[in-house]
Amino acid sequence: MLQSFSMKKTTPLIIGNWKLNPTTLEEATILATTVARKFKNSTDSLVAIAPPFPYLADAAKKIKKSSVALAAQDVFTQPLGPFTGEVSVVQLKDLEVSYVIVGHSERRAMGESDDLVRNKVQAVLKHRLTPVMCVGERVRDENGNFFSFVEEQLRSLAEVIPVTMIKKVVIAYEPIWAIGTGMSATSEDVKEMQLFIVSALTKLYDRATAEKVRLLYGGSVKASNARQLHEEGDMDGFLVGGASLKADEFIEITKLVSS
Ligand code: PGA
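Undergrad: Go over the environment of Leu-13 with me, naming the residues and quoting the values.
TA: In this fold, Leu-13 is placed in strand S1 (residues 13-17). A relative accessible area of 1% places Leu-13 in the buried class. Note: C-alpha distance between Leu-13 and Leu-154 (141 residues apart in sequence) is 21 Å.

This is the structure:
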């Protein structure tokens, strides 16, 4: 068994990002119910599921008697009004959503800018939900320019989020090349980025604050790599995509990081 190098101070947070899956409410209900059953009274890890919008209300009912929390995959900046096709934080709150993923690279690829992403983070904080803001580079270059790319995403956030609020933001490092490819970052890569993000946040805020910000890793996390990524990568949890659609594997991942 791997030795633990963990410096983590928080209970790990594992969010299952279902993306545009599954195709029916029935399948979504089964998945939510199966996960909820495993977490009746668990306090070892914080577990959340992020189903597509049409399934949120049903999932909320299925997880009600468990410790599983509800997450949304995106949100709009405005609370209500003439914005066809959008979903607001107020509506998500009414469905008992706790976490909102913001700026996922699959949304940024559709045109979301750093400006829009930070406005969404602000909107989520304003209504006292927890934003999970995704950052991460498209490619890794040998000169390490990908660090400046991530730093820029954090700088943009820091321009509008004051020191008193940044602790309430979860930052998910999701290198785009590792998402859905089966090719996870190594635990060394993850540890290096964890240190980098803490130092970037230290420059933007201060050390004590930077250390309080919860950091997740996402990108091809599976049952086979979760423990090593968690122990050596030293993040505070995971954003899990593909593997969260298999209830057994998702549950296994949560066990591996909390045992
Ligand atoms: P993946 O996705 O686990 O399928 O790589 C992670 C994510 O996009 O959040």
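Still to come is the rest of the account.
Undergrad: Requested: an account of the packing of aromatic side chains, with residues and values cited.
TA: Applying the stated rule across the entire model yields four aromatic pairs. An angle of 50 degrees between the planes, with centres 4.9 Å apart, marks the rings of Phe-76 and Phe-83 as tilted. By relative accessible area, Phe-83 is classed as partly exposed at 33%. Seen from their ring centres, Phe-147 and Phe-196 are 4.8 Å apart, and the 45 degrees between their planes marks the pair as tilted. In this pair, Phe-147 sits in helix H6 (residues 145-158) while Phe-196 sits in helix H8 (residues 187-204), placing the two residues 49 residues apart along the sequence. The structure contains a cluster of three or more aromatic residues connected by ring pairs, namely Phe-146, Phe-147 and Phe-196.

Undergrad: Which residues make up unusual backbone geometry, and what are the values?
TA: With an omega of -10 degrees, the peptide bond between Asn-21 and Pro-22 qualifies as cis. Within the fold, Pro-22 resides in the loop between S1 and helix H1 (25-38). You will see that Ser-220, though not glycine, has its phi angle at about 60 degrees, which is positive. Inspection of the secondary structure puts Ser-220 in the loop between strand S7 (215-218) and helix H10 (226-233).

Undergrad: A description of the environment of Gly-219 should follow, citing residues and the corresponding values.
TA: The topology assignment puts Gly-219 in the loop between S7 and H10. Along the chain, Gly-219 and Met-183 lie 36 residues apart, while their C-alpha atoms are 7.6 Å from each other. Residue contacts for Gly-219: discarding those within four places in its chain leaves Glu-174, Ala-178, Ile-179, Ser-184 and Leu-239.

Undergrad: Describe the pattern of salt bridges, and please don't skip the residues or the numbers.
TA: Taken as a whole and assessed by the stated rule, the structure comprises 17 salt bridges. Across the pair Glu-112 and Arg-107 runs a salt bridge whose closest N-O atoms are separated by 3.3 Å. Arg-107 sits in the partly exposed class, given a relative accessible area of 29%. Arg-140 serves as the salt-bridge partner of Asp-189, at 3.4 Å between the closest nitrogen and oxygen. Within this pair, whereas Asp-189 is found in helix H8, its partner Arg-140 is found in the loop between strand S5 (130-135) and H6, the two being separated by 49 residues in sequence. Several salt bridges share partner residues, and in doing so they unite Asp-74, Arg-107, Glu-112 and Lys-120 into one network.

Conventions we followed
Residues numbered from 1 in each chain as written. Predicted model: local features only at pLDDT ≥ 70, side-chain atom pairs only at ≥ 80, totals over all residues. Heavy atoms only, no water. Helix = DSSP H or I, 4+ residues; strand = E, 2+ residues; numbered from the N terminus. Buried < 20%, exposed > 50% of the residue type's maximum accessible area, 1.4 Å probe, protein only. Phe/Tyr/Trp six-rings, centres within 6.5 Å; stacked < 30°, edge-to-face > 60°. Contact = heavy atoms within 4.5 Å. Salt bridge = Lys/Arg side-chain N within 4 Å of Asp/Glu carboxyl O.

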